[in-house]
Amino acid sequence: MTAAEEWARDRGLTTAQVLSGSERNAAHAFYRGRGFRGVKTEQVFVKSLAGER
């Protein structure tokens, strides 16, 4: 993670963003422990259309 952040800074980037599914609590703790903060929560909605008419 540190190397990736240094690589990005060396190229002029000012932010890093990662996406992590809402159920991945261990991953969220990992990112928070490295200074990331949560900025968005979203829901994904699915509807099966099989067999409907």
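Residues numbered from 1 in each chain as written. Predicted model: local features only at pLDDT ≥ 70, side-chain atom pairs only at ≥ 80, totals over all residues. Heavy atoms only, no water.

### Looking at the pattern of salt bridges
If you walk through the whole model with that rule in mind, you get two salt bridges. When the shortest N-O distance is used, the salt bridge between E5 and R9 registers 3.8 Å. Here R9 and E5 lie together in helix α1 (residues 2–10), a separation of four residues that amounts to about one turn. Assessed through its relative accessible area of 21%, E5 is described here as partly exposed. R9 gets classed as exposed once you look at its relative accessible area, which sits at 54%. The salt bridge partner of K40 is E42, with a shortest N-O separation of 3.3 Å. Residue classification places K40 among the exposed positions, given a relative accessible area of 66%. On the basis of relative accessible area, E42 is assigned to the exposed category, the value being 51%. (Salt bridge = Lys/Arg side-chain N within 4 Å of Asp/Glu carboxyl O. Helix = DSSP H or I, 4+ residues; strand = E, 2+ residues; numbered from the N terminus. Buried < 20%, exposed > 50% of the residue type's maximum accessible area, 1.4 Å probe, protein only.)

### Side note on the side chain of H28
Within the secondary structure, H28 is located in helix α2 (residues 25–33). H28 sits in the buried class, given a relative accessible area of 16%. Once residues lying within four places of it in the same chain are set aside, the contact partners of H28 are S20, G21 and S22. (Contact = heavy atoms within 4.5 Å.)

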